Amino acid sequence: MAGRRIVARISRFPGMGHHRYVTVRPEPTPADPDPQERVMKFSQRETAIRWVEHLLAREFDSDDTVVWEAGDETRWFAGEGD
């Protein structure tokens, strides 16, 4: 049986410091239709990646796969001009 996808994203929010915010979200399955999303913040991108790898090894099945969304994406809280 193939594992499920674990979607990870690293984002930065200008104006909120120099941190990188990491979101790890397992895809829903029939057995777990509302999986828990995990969020952390880190100063270094490399530390954020290590946390995702550690989380995958500790809390998910060995056949689950991490899928990275839009690497180091910059996201804004408000639209331009606000």
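Just so it is clear, the structure is predicted and the values come from calculations on it, not from any experiment.

> Account for the overall build of the protein chain, with residues named and values stated.
When helices and strands are tallied, the protein chain shows one helix and four strands. The secondary structure elements of the protein chain, listed N-terminal to C-terminal, are β-β-β-α-β. Here the protein chain, with 82 residues, has 26% of them falling under the buried criterion. Contacts in the protein chain between residues at least 24 apart in sequence constitute 50% of all its contacts with a sequence separation of at least 6. A total of about 5,800 Å² of accessible surface is found on the protein chain, and carbon and sulfur atoms cover 50% of it.

> Can you break down helix α1 (residues 45-59) residue by residue, with the values?
For α1, built from 15 residues, the straight-helix expectation of 21 Å at 1.5 Å per residue is met to within 8% by its first-to-last C-alpha distance of 21 Å. Listed in full, the buried residues belonging to α1 are Ala-48, Trp-51, Val-52 and Leu-55. Down the axis of α1, the buried side of the element spans an arc of 100°, and every buried residue falls inside it. Turned more than 90 degrees away from the buried face of α1 sit Arg-50 and Ala-57, all of them exposed.

> Outline the nonpolar core, listing residues and values.
Formed by Ile-6, Ala-8, Ile-10, Val-22, Val-24, Phe-42, Ala-48, Trp-51, Val-52, Leu-55 and Phe-60, the largest nonpolar core amounts to eleven residues. Breaking this core down by element, the ones donating at least two residues are β1 (5-12), β2 (20-26) and α1. Per-element tally for this core: the top contributor is α1, with four residues. Leaving out residues up to four positions away in the same chain, Ile-6 has contacts with Val-24, Arg-25, Pro-26, Leu-56, Phe-60, Asp-64, Thr-65, Val-66 and Val-67.

> Which residues make up the environment of Ile-10, and what values do they have?
Structurally, Ile-10 can be placed in strand β1. On a C-alpha basis, the gap between Ile-10 and Trp-68 in space is 8.3 Å, while along the polypeptide they are 58 residues apart.

Quick notes on the rules
Numbering of residues begins from 1 in every chain and follows the order in which that chain's sequence is written. Since the coordinates come from a predicted model, pLDDT governs what is reported: local features require at least 70, and pairs of side-chain atoms require 80 or more to be given and counted, while whole-chain, interface and lining totals use all residues. With hydrogens and water excluded, all non-hydrogen atoms of the structure serve as input to the side-chain values. The numbering of helices and of strands both runs from the N terminus, where a helix is a DSSP run of H or I of at least 4 residues and a strand a run of E of at least 2. The buried label applies to any residue whose accessible area, calculated with a 1.4 Å probe on protein chains only, is under 20% of its type's maximum; exposed applies above 50%, and partly exposed to all values in between. In what follows, a contact means two residues having at least one pair of non-hydrogen atoms within 4.5 Å. In short, Shrake-Rupley with a 1.4 Å probe defines the accessible areas, and a residue's cover is counted only from the protein chains shown. Helix span is expected to be 1.5 Å times the residue number reduced by one. Note that the arc is computed from the directions linking the helix axis to the C-beta atoms. In plain words, nonpolar cores are sets of buried Ala, Val, Leu, Ile, Met, Phe, Trp, Tyr and Cys residues tied together by side-chain atoms within 4.5 Å.

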